[in-house]
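So the chains spell out like this:
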There are 2 protein chains.
Amino acid sequence: MMITSAKNDRIKDIKSLRTRKGRRDTGLHLIEGERLVTDVLESGVVPDTVLVAEWNTTAGAKLDELDVPYITVTGEVMKAVSDTDSPQGVLAAVKTPDTSVPEEYPAGLIVCLDRIQDPGNLGTVLRTADAFGAAGVIVGEGSVDPFMPKAVRAAMGSTYHIPVWQGELKTELKRLREAGFGIVCGHLEGAEDLPELGEKRVIVIGNEANGVSPEVAEECFLYRLPMKGRAESLNAAVAAAILIYKLSE
Amino acid sequence: MMITSAKNDRIKDIKSLRTRKGRRDTGLHLIEGERLVTDVLESGVVPDTVLVAEWNTTAGAKLDELDVPYITVTGEVMKAVSDTDSPQGVLAAVKTPDTSVPEEYPAGLIVCLDRIQDPGNLGTVLRTADAFGAAGVIVGEGSVDPFMPKAVRAAMGSTYHIPVWQGELKTELKRLREAGFGIVCGHLEGAEDLPELGEKRVIVIGNEANGVSPEVAEECFLYRLPMKGRAESLNAAVAAAILIYKLSE
């Protein structure tokens, strides 16, 4: 079976996943790119639909090998559906996992995001949290959707490797404190020494331009990364990464 | 004076700065964006030419205040010259600093880049090196040009705050070793403990996909960032940042 028209209903449904509304209405989201799609499928995620551009025969062969059914589409249809300028010719619509907050948070490092606005940054933080063995990531209200295509691409599969929760951050921080977590956020006016922290610890990453909001900062120990050079001059994903690394030590 | 045609010779010259050849032929490069241009001009860099889109009256007023002459252009001309999809309406052509390697390297942390391919990563690394007080950055042969517009944008002014040198990396590493520098690179097969390092230290950052090349790795102590989670899963600029942070401690 090959779909040759971008007006096909199935194609229109998949295109809608580029919008928050489309993702909410269907409970699906889009993953794109050869490596990401095969990694995610190999990790056991069952796709709703997989599309392969007719020119990408290697991706087709790989999916045959994994025994994953897919629909072949023309290059034109792939371009219409893809979220990228140069589609790699393979994408999948997969079920969005449940992101409601847990009744009890697991011990370990929990990474919280306060109003992160750039999907690339959000995905990169998920990837870093995964690399340093964080127990999970809370994406606070007012942040971009972790399942938008660009965030999923930047996370390089980590979206499916660590728990991602969505909730109201101040409420969750209060719950975490009551559960014995030590809570730290990066802050330009903070102290340059970290307090003694137990195994249960939280790092809050603030908005790219404005940092952590005052209501959230109230719940945190304010920590300033010791920088010998000029302050305020770290890229947001970089600052988040150094904080996650530091807190995972 | 207002330029209304993208075919104007001055405009064509500035457009050429988006290419490596144009930058080499003129000895100039492009900086773009309101904050970056004003920061750089305030830091004392003297521009060859500044262009302001007629719609951006705040940028014009700011430049008048700084007593910097500029040429007003139409929005269309700005779009033709700009390297970005949504121009901020102000850009400058400035003299590219001399990047030849010094006779003697300053003491401190020197960051070396081995065949970095993404200009955004290169700029982000310059910014991080600046934030952690590095003494300078060597951009090795085979890396992208640190003066391409996207690299300059990602560096957020750091291009002008720390020395940037361009050279053949293996040669420079030998010189650095002879000068008493301890040389470390991030490597997936390295040791998880750093050796004792003096004040003179070098961190080598490898290519995004392939890491540090074998010829360069020969000159280095191979260090693997201790990661509790899954290996190989850090974004290149993030891995570089954590290494720079770690070595600047």
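Analysis parameters
- Residues numbered from 1 in each chain as written.
- Chains lettered and ligands numbered in written order.
- Predicted model: local features only at pLDDT ≥ 70, side-chain atom pairs only at ≥ 80, totals over all residues.
- Buried ≥ 20, exposed ≤ 12 C-beta atoms within 10 Å, placed from the backbone.
- Helix = DSSP H or I, 4+ residues; strand = E, 2+ residues; numbered from the N terminus.
- Pairing = 2+ DSSP bridges.
- Arc of directions from axis to C-beta.
- Contact = placed C-beta atoms within 7 Å.
- Least-squares fit on C-alpha atoms with pLDDT ≥ 70 in both.
- Domains from an automatic or database assignment.
- Nonpolar A, V, L, I, M, F, W, Y, C, P; charged D, E, K, R; others polar.
- Axes fitted to C-alpha atoms, helices over the stretch in contact; angles between N-to-C directions.

(A) Summary view of the pairing of strand S5 (residues 90-95) of chain A. All names here are of chain A. Taking burial as the measure, the six residues of S5 include five buried ones, the bulk of the element. Inspection of the sheet shows strand S2 (residues 28-32) paired to S5 by five bridges, in the antiparallel sense. For Ile31, the partnering residue across the bridge sits in S5 and is Ala92. Judged from the five bridges that link them, strand S3 (residues 47-53) and S5 form a sheet pairing that is antiparallel. Looking at S5, one finds that Val50 is bridged to Ala92.

(B) Expanded view of unusual backbone geometry. Residue and element names in this part refer to chain B. At Asp67, a residue that is not glycine, the phi angle is positive and equals roughly 65°. Residue position: Asp67 is located in the loop between helix H4 (57-66) and strand S4 (71-73). On the basis of neighbour counts, which here come to 7 C-beta atoms within 10 Å, the residue Asp67 falls in the exposed class. For Arg115, which is not glycine, the phi dihedral falls at a positive 55°. With respect to the helices, strands and loops of the structure, Arg115 is situated in the loop between strand S6 (109-113) and helix H6 (119-131). Residue Arg115 is classed as buried on the basis of its 21 C-beta neighbours within 10 Å.

(C) Representation of helix H8 (residues 169-178) of chain A. Residues and elements named next belong to chain A. Looking at H8, one finds that the buried residues are Leu169, Glu172, Leu173 and Leu176. The buried residues of H8 all sit within an arc of 100° when viewed along its axis, so they share a single face. Pointing more than 90 degrees away from the buried face of H8 are the exposed residues Thr171 and Glu178. Contacts made by the buried residues of H8 are with strand S6 (109-113), strand S7 (136-140), strand S8 (164-167), strand S9 (182-191), strand S10 (201-205) and helix H9 (214-217). Just downstream of H8 lies Gly180, where phi reads positive at about 95°.

(D) Local environment of the relation of the copies chain A and chain B. Overlaying chain A on chain B yields an RMSD of 0.0 Å, the required transformation being a rotation through 180° with an accompanying axial translation of 0.0 Å. Interpreted geometrically, this transformation is the action of a two-fold axis. By residue overlap, the copies meet face to face through one surface: 100% of the interface positions of chain A are interface positions in chain B.

(E) Quick look at the domain arrangement of chain A. Residues and elements named next belong to chain A. Entries for chain A in the domain assignment read domain 1 (2-95) and domain 2 (109-248). Here domain 1 and domain 2 have C-alpha centroids that lie 31 Å from each other. Taken together, the 14 residues of domain 1 in the interface contact nine residues of domain 2. Broken down by secondary-structure element, the contributors of at least two residues to the side of domain 1 that touches domain 2 are helix H2 (20-26), S2 and helix H3 (34-42). The leading source of residues in the side of domain 1 that touches domain 2 is S2, at four residues. Grouping the amino acids of the side of domain 1 that touches domain 2 by side-chain chemistry returns five nonpolar, three polar and six charged.

(F) Representation of the environment of Gly27 of chain B within the structure. Residues and elements named next belong to chain B. Structurally, Gly27 is set in the loop between helix H2 (20-26) and strand S2 (28-32). Each C-alpha atom, one on Gly27 and one on Lys95, is 5.9 Å from the other, the two residues being 68 residues apart in sequence. Those residues in contact with Gly27 that sit more than four places away from it in its chain are Lys95 and Thr96.

(G) Structural view of the sheet that holds strand S4 (residues 71-73) of chain A. Residue and element names in this part refer to chain A. Judged by pairing direction, the sheet is mixed, and its five strands sit side by side in the order S1-S4-S3-S5-S2 without closing on themselves. Each having just a single partner strand, strand S1 (2-3) and S2 make up the two edges of the open sheet. Against the sheet, H3 contacts S2, S3 and S5, and its axis sits at roughly 40° relative to S5.

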